Amino acid sequence: MKLCDENTIGVVAILGSTFDGSYEPVKEICAALDALERESGLDIPVHVDGASGAMIAPFVDPDLEWDFRLPRVASIHNSAHKYGLLYPGVGWIIWRDTEALPDDLIFWVNYLGDNMPTFALNFSRPGAQVVAQYYTFLRLGFGGFRRVQGYARDVATRLSARIAELGPFELLTRGDELPVFAFTLADGIENFTVFDVSNAMRERGWQVPAYTFPENRTDLAALRVVVRRGFSHDLADLLVHDLERQLPRLQKQPAPVHDATTGTAFAH
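Overview of the structure. (Residues numbered from 1 in each chain as written. Predicted model: local features only at pLDDT ≥ 70, side-chain atom pairs only at ≥ 80, totals over all residues. Heavy atoms only, no water.)

1. Here we look at the packing of helix α5 (residues 194–203) against helix α6 (residues 233–251)
Helix packing for two helices is described by the angle between their axes and how far apart those axes are. So the rule is basically this: Every axis in this analysis is a line fitted to C-alpha atoms, fitted for helices over the stretch in contact. Angles between the N-to-C directions lie between 0 and 180 degrees. Only DSSP runs of H or I with at least four residues qualify as helices, and only runs of E with at least two residues qualify as strands; both kinds are numbered from the N terminus onward. An angle below 35 degrees is treated as roughly parallel, one above 145 as roughly antiparallel, one from 65 to 115 as roughly perpendicular, and anything else as oblique. Whether a crossing is left-handed or right-handed is set by the direction in which the near helix is turned from the far one by less than a right angle, anticlockwise for left-handed and clockwise for right-handed. Should any heavy atoms of two residues lie within 4.5 Å, those residues are considered in contact. Three categories are distinguished: nonpolar for Ala, Val, Leu, Ile, Met, Phe, Trp, Tyr, Cys and Pro, charged for Asp, Glu, Lys and Arg, and polar for the others, with Gly belonging to the last.
Orientation of α5 relative to α6, taken along the N-to-C sense of each, is 120°, at an axis distance of 10 Å. In terms of orientation, α5 and α6 fall into the oblique class. For α5 against α6, the interelement crossing comes out right-handed. Of the residues in α6, those touching α5 at D196, V197, A200, M201 and E203 are L239, D242, L243, Q246, R249 and L250. Here the contact of α5 with α6 is built from residues that sort into six nonpolar, one polar and four charged.

2. So, the packing of helix α4 (residues 128–165) against α6
Where α4 contacts α6, the two axes come as close as 10 Å, and the packing angle between them is 20°. In terms of their interaxial angle, α4 and α6 are classed as roughly parallel. Remark: the crossing between α4 and α6 carries right-handed chirality. Contacts from Y151, D154, V155, R158, L159, R162 and I163 in α4 reach H233, A236, D237, L239, V240 and L243 in α6. Residue composition of the contact of α4 with α6, by class: eight nonpolar, one polar and four charged.

3. Focus: α6
How we decide: Take the number of residues in a helix, subtract one, and multiply by 1.5 Å to get its expected span. Exposure categories follow from relative accessible area, calculated using a 1.4 Å probe and restricted to protein chains: below 20% of the type maximum is buried, above 50% is exposed, and the middle band is partly exposed.
With 19 residues, α6 should reach 27 Å at 1.5 Å per residue; the first-to-last C-alpha distance of 27 Å fits that figure. Buried residues of α6: A236, L239, V240, D242, L243, Q246, L247 and L250, and no others. Looking at the buried positions of α6, the neighbouring elements they touch are α4, β7 (169–171) and α5.

4. Observations regarding the nonpolar core
This is how the line gets drawn: Among the buried residues, those of types Ala, Val, Leu, Ile, Met, Phe, Trp, Tyr and Cys that are joined through side-chain atoms within 4.5 Å form a nonpolar core.
Membership of the largest hydrophobic core comes to 29 residues, with the highest contact counts inside it found for L159, I163, F169, V197, V225 and F231. Counting residues per element, this core draws most heavily on α6, at six residues. Other than its neighbours up to four places away in sequence, V197 contacts F169, L185, F192, L223, L243 and L250. Within the second largest apolar cluster, 26 residues are counted, among which are L15, L33, L36 and L70.

5. Observations regarding the sheet that holds strand β9 (residues 210–212)
The strands that make up a sheet pair up through hydrogen bonds in the backbone, lying either parallel or antiparallel. What counts here: Between any two strands, pairing holds if DSSP finds at least two bridges.
Taken in spatial order, the four strands line up as β7-β8-β10-β9 in an open sheet, and their pairing is antiparallel. Of all the strands in the sheet, the pair left with one neighbour each is β7 and β9. For this sheet, the mean angle separating the axes of adjacent strands, direction not counted, is 40°. Judged from the four bridges that link them, strand β8 (residues 180–185) and strand β10 (residues 221–226) form a sheet pairing that is antiparallel. When the sheet's bridge partners are listed, A182 is paired in β10 with R224. In the packing of α4 onto the sheet, contacts are made with β7, β8 and β10, and the angle to β8 comes to roughly 10°. In the packing of α5 onto the sheet, contacts are made with β7, β8, β9 and β10, and the angle to β10 comes to roughly 35°.

Below, the structure is given as structure tokens:
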């Protein structure tokens, strides 16, 4: 709240952090902004970055209040290629009402004899992804999405529990919000790093990224596992098996081999 003033156009709450899969407390953020408005008169809207969680929470966390049930939430977006069960190329954004989308953000284009509104950087786009998403909604329905996303959470929570049982690791999250969890090394382990673990797992064909957290928590380095449709319990068992296979070698290392600057081949 200390960062909010008369120049603040909105606050973004993330429903499913990229770093650890946890939900940010949208309801509590809205409540804090309600209190700020009562004290200062500042009416600051909230946008929910539901890139992943907006296609998880409605199906497996129906009682979680993060959406338009909260009057301060003005808009929500999600990325269909994450948990919308679709390939890349389409995402969605919705506004509470027309007043939440100012007219000066809409472009009117004279196209094929008609004046059409567009809210995009480029006007003409392929429609295949939209059709594919529409088909997925119709084909699976609410119940189908609930089963798919619920299974992904079951896999994530069981897998995170098994990794915690191995001993050298400490869970940061469990996969019980997004089916995504992060874990780090337990206290006292100084002869290998999470970057060593990531490299060892890559030898077995797994991409388990290791990374440091953002500013003010760059001291925390973690590994992350993302569970999506197609990641079965059998596949999770194989991951644990390969992790167990690589651990003895890592535990015999006299000192770490890789750090944040040398331990990854990932590029964005």
